[in-house]
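Inside the fold
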Amino acid sequence: MPEEIPNNFSASDISFREMSENDAVKTFQDDGYFGYAKRSMRYGPNLSKDSIWATAPAKMFVAYWNDTPVGVCGISTHKNVLLSAGVHIRKEYQRKGLFKICTDKILSEKGSKTLYINVTNAKVGAALRDKGFNDMNREDLPEDIQEELEGTKYADQVQKWMMYSSEWQRVLKTWN
């Protein structure tokens, strides 16, 4: 008999496996779940399927509860910054704390680089602000990304600035 899904996951309930975006999609499909797709398939009218957001090479982190893939999150590298490759939680596991666990995973993996996130849902924007992300203007994005966003209408857009933590790391090393 399958184990009952907890009402709220803790970080200790979840393990992550790093893989390519193609392998992440295949992992879910092999488990019989077809609700997760590559970025180039998810963007629809807001961004081109060949945009930087859709094509920059990504590292995906598949979240497992026991042996079941329950969520996925990722980051892609573009020049000297990182772009979010998204967070997806399997439908029956949503609203159980996995978004927070996946966001924490991304923040732990990004190092000192700036991470840009394209947010299309105001509730997600609010949750990211609670994690320390800051609102920003499009004019503050790298120029080539600004060009891609020309004409898009998003409900929200946020950015995580990490210069503060990397500055503290430098200061602490100087003291030691």
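None of the values given here were measured: they were computed from a predicted structure. (Residues numbered from 1 in each chain as written. Predicted model: local features only at pLDDT ≥ 70, side-chain atom pairs only at ≥ 80, totals over all residues. Heavy atoms only, no water.)

In total, this model carries five aromatic pairs according to the counting rule given. Three or more aromatic residues link up through ring pairs in this structure, and these residues are Phe9, Trp65 and Tyr93. In this structure, Arg17 is placed above the aromatic ring of Tyr64, and the distance from its NZ or CZ to the ring centre is 3.7 Å. (Phe/Tyr/Trp six-rings, centres within 6.5 Å; stacked < 30°, edge-to-face > 60°. Lys NZ or Arg CZ within 6 Å of the ring centre and 35° of its normal.)

A few words on the pattern of salt bridges. Applying the stated criterion across every chain yields a total of eight salt bridges. Here Glu92 makes a salt bridge to Arg90, at a shortest N to O gap of 3.3 Å. In this structure Arg90 comes out as buried when scored by relative accessible area, which is 6%. The partner of Lys100 in a salt bridge is Asp104, and the shortest N-O contact between them spans 2.9 Å. Placement of the pair is Lys100 and Asp104 together in helix α4 (residues 98–109), with a separation of four residues, close to one helical turn. Classification of Lys100 by relative accessible area gives partly exposed; the value is 48%. Several salt bridges share partner residues, and in doing so they unite Asp31, Arg90 and Glu92 into one network. (Salt bridge = Lys/Arg side-chain N within 4 Å of Asp/Glu carboxyl O. Buried < 20%, exposed > 50% of the residue type's maximum accessible area, 1.4 Å probe, protein only. Helix = DSSP H or I, 4+ residues; strand = E, 2+ residues; numbered from the N terminus.)

Turning next to the pairing of strand β2 (residues 58–65). Where burial is concerned, most of β2 is hidden: seven out of the eight residues are buried. By the bridge criterion, six bridges tie strand β1 (residues 14–19) to β2 in an arrangement that is antiparallel. What sits directly across from Met19, in β2, is Met60. Two elements, β2 and strand β3 (residues 68–78), share eight bridges in a ladder whose sense is antiparallel. From the neighbouring strand, Lys59 faces β3, where its bridge partner is Ile75. Connecting β2 to the antiparallel partner β3 that follows it, the hairpin turn spans two residues, and Asn66 within it adopts a positive phi of roughly 55°. (Pairing = 2+ DSSP bridges.)

Scope: geometric values only; no functional claims are made or implied.
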